[in-house]
Amino acid sequence: MTSFNNLSLKYKLSLALSGSTLLALLIVGYFSFQYGVNSLTETTLSGGSEDVQTRSHQIEGFLQNIGQDVLFLNGTPPVQGILRARENDDVDPKDGSTTGLWVKRFQTISTSLMREKPQYQQIALLDNQGVELTRVDRQGETIERSGGKEGYQNQGDTQYFKSTLRLRQHQMNVSQVTLAEQKGQLVTPHQPILRFSTPVFDLQEQAQGMMVITVFANSFLEWLPRDHPRGWQYYLVNQNSSFLRHPDQAWEWGTQLQDRSGRTAASHFGEITPLLL
């Protein structure tokens, strides 16, 4: 059994001086739980590290709680019930429940969880081809259950699906933070998201799909203030050198927004960037 005590978010903490202004720089190399234990690297070049560490640990704890919810949902009875029913002409041989009934039970559990966790944008169960078997979405102030197969999407070509399907039982994949897209177009206003996913195995230990929670990334990005009372500036950068958080919002998402192309950590920090990433 995999415990979250054995999983850490790999990140770097560093502080640098820019003129007379103390620059607090938080670098998150990637949001991903890896095989085994990830090392935790902390580097501090000058005072003020306690504030950076506090915010970093706050984000790490937030992400770990999401991972625990993914594993919780993956272990609920409707997941195996749906698999059994789908393998037996949509009737579960164990108790006679139909696929549709098991789906409703899963949606009830997911809806209840999403009411408690406003940071969750979507909960979905996919088959091993990437097709959604069921989905619950947050639309503004309401939570909507997917109404039928015509509304389901195929995620088989996405990177997070391919990465997750290669994992073993109880392992977790956490995607990069990206701007949400719908039918190939960026959602406006821009909506940063990340996905937590874990493979779903049947009782014969064969991968049959995956459980996915999509999270509003602003739920934790906003913990890094653009205006700090002590004059500190926070930067959050992914492994592609794209700013997820920057004191000047116009520098964020430089690798996804065409009008901000070139506005990356590499162009901002120049030759010291490799030392930070």
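Residues numbered from 1 in each chain as written. Predicted model: local features only at pLDDT ≥ 70, side-chain atom pairs only at ≥ 80, totals over all residues. Heavy atoms only, no water.

**Q** I would appreciate a short explanation of the layout of surface pockets in the present structure.
**A** The gaps left among the atoms become clear once a water-sized probe is rolled over them. By volume, the largest pocket amounts to about 1200 Å³. For the largest pocket, the lining is made up of 41 residues, of which Ala180, Glu181, Ile193, Arg195 and Thr214 are closest to its centre. The biggest single contributor to the lining of the largest pocket is strand 4 (residues 132–139), with five residues. Of the residues belonging to the lining of the largest pocket, the class tally is 10 nonpolar, 22 polar and nine charged. (1 Å grid on protein atoms, 1.4 Å probe; cavity = no way out; pocket = protein on both sides within 12 Å on 5 of 7 lines; lining within 4 Å. Points joined across faces, edges and corners; volume = space filled by probe spheres on them. Helix = DSSP H or I, 4+ residues; strand = E, 2+ residues; numbered from the N terminus. Nonpolar A, V, L, I, M, F, W, Y, C, P; charged D, E, K, R; others polar.)

**Q** What's the story with helix 3 (residues 99–116) in this structure? I'm lost.
**A** Helical geometry note: an α-helix holds 3.6 residues per turn, so side chains three or four residues apart project in the same direction. Given a rise of 1.5 Å per residue, 18 residues ought to cover 26 Å, and the 26 Å separating the end C-alpha atoms of helix 3 matches this to within 8%. Within helix 3, burial applies to Thr99, Trp102, Val103, Phe106, Gln107, Ser110, Thr111, Leu113 and Met114. (Expected span 1.5 Å × (residues − 1). Buried < 20%, exposed > 50% of the residue type's maximum accessible area, 1.4 Å probe, protein only.)

**Q** Help me understand the packing of aromatic side chains, please; the structure alone is not making it clear to me.
**A** Aromatic ring pairs are reported here in terms of the distance separating the ring centres and the angle at which the planes meet. Under the defined criterion, the tally for this structure stands at three aromatic pairs. Geometrically, the ring pair formed by Phe62 and Phe220 is tilted, given 5.6 Å between the ring centres and 50° between the ring planes. A residue pair is termed long-range when its members are at least 10 positions apart, and Phe62 in helix 1 (residues 49–74) and Phe220 in helix 5 (residues 218–221) qualify at 158 residues. A single burial state applies to Phe62 and to Phe220, both of which are buried. Ring centres of Phe243 and Trp251 lie 6.1 Å apart, and the angle between their planes is 80°; this geometry places the pair in the edge-to-face category. Site record: aromatic cluster; members linked through ring pairs are Phe62, Phe220 and Trp223. The lysine or arginine in question, Arg105, covers the ring of Trp102, its NZ or CZ lying 4.4 Å from the ring centre. (Phe/Tyr/Trp six-rings, centres within 6.5 Å; stacked < 30°, edge-to-face > 60°. Lys NZ or Arg CZ within 6 Å of the ring centre and 35° of its normal.)

**Q** How should I be thinking about the pattern of salt bridges in this particular structure?
**A** Pairs may arise between side chains of opposite charge once their charged atoms sit close together. Per the stated rule, a full pass over the model turns up six salt bridges. With a closest N to O distance of 2.5 Å, Arg135 and Glu132 form a salt bridge. A salt bridge links Asp137 to Arg135, with the shortest nitrogen-to-oxygen separation between them at 2.7 Å. For the residue pair Asp137 and Arg135, the accessibility class agrees, reading buried in each case. (Salt bridge = Lys/Arg side-chain N within 4 Å of Asp/Glu carboxyl O.)

**Q** Just to check I follow, could you spell out the nonpolar core for this structure?
**A** The nonpolar side chains of soluble globular proteins are, as a tendency, buried together. If you look at the biggest cluster of nonpolar residues, it comprises 41 residues, and the most contacted ones within it are Leu194, Phe196 and Phe220. Where this core is concerned, the elements lending two or more residues are helix 1, helix 2 (77–86), helix 3, strand 3 (120–127), strand 4, strand 10 (192–201), strand 11 (207–216) and helix 5. It is helix 1 that provides the largest number of residues to this core, a total of seven residues. In terms of nonpolar packing, the next biggest core, distinct from the first, is built from six residues, Ala124, Leu126, Met210 and Val212 among them. (Core = buried A, V, L, I, M, F, W, Y, C linked by side-chain atoms within 4.5 Å.)

**Q** Help me understand the packing of helix 2 against helix 3 in this model?
**A** For any two helices packed against each other, the geometry is given by the interaxial angle and the distance between the axes. The contact between helix 2 and helix 3 brings their axes to 9 Å, and the two run at 160°. Viewed along their axes, helix 2 and helix 3 adopt a mutual orientation that is roughly antiparallel. Helix 3 is crossed by helix 2, and the crossing has left-handed handedness. Touching Pro77, Pro78, Val79, Gly81, Ile82, Arg84, Ala85 and Arg86 of helix 2 are Thr99, Trp102, Val103, Arg105, Phe106 and Ile109, all from helix 3. Of the residues belonging to the contact of helix 2 with helix 3, the class tally is nine nonpolar, two polar and three charged. (Axes fitted to C-alpha atoms, helices over the stretch in contact; angles between N-to-C directions. Parallel < 35°, antiparallel > 145°, perpendicular 65-115°, else oblique. Left-handed = near helix turned anticlockwise from the far one by under 90°. Contact = heavy atoms within 4.5 Å.)

**Q** So what exactly am I meant to see when it comes to the environment of Ser97 here?
**A** Residue position: Ser97 is located in the loop between helix 2 and helix 3. Separated by 15 residues in sequence, Ser97 and Ile82 have C-alpha atoms that sit 9.1 Å apart. Look past the residues within four positions of Ser97 in its chain and what remains in contact with it is Ala85, Asp90, Val91, Asp92, Trp102 and Arg105.

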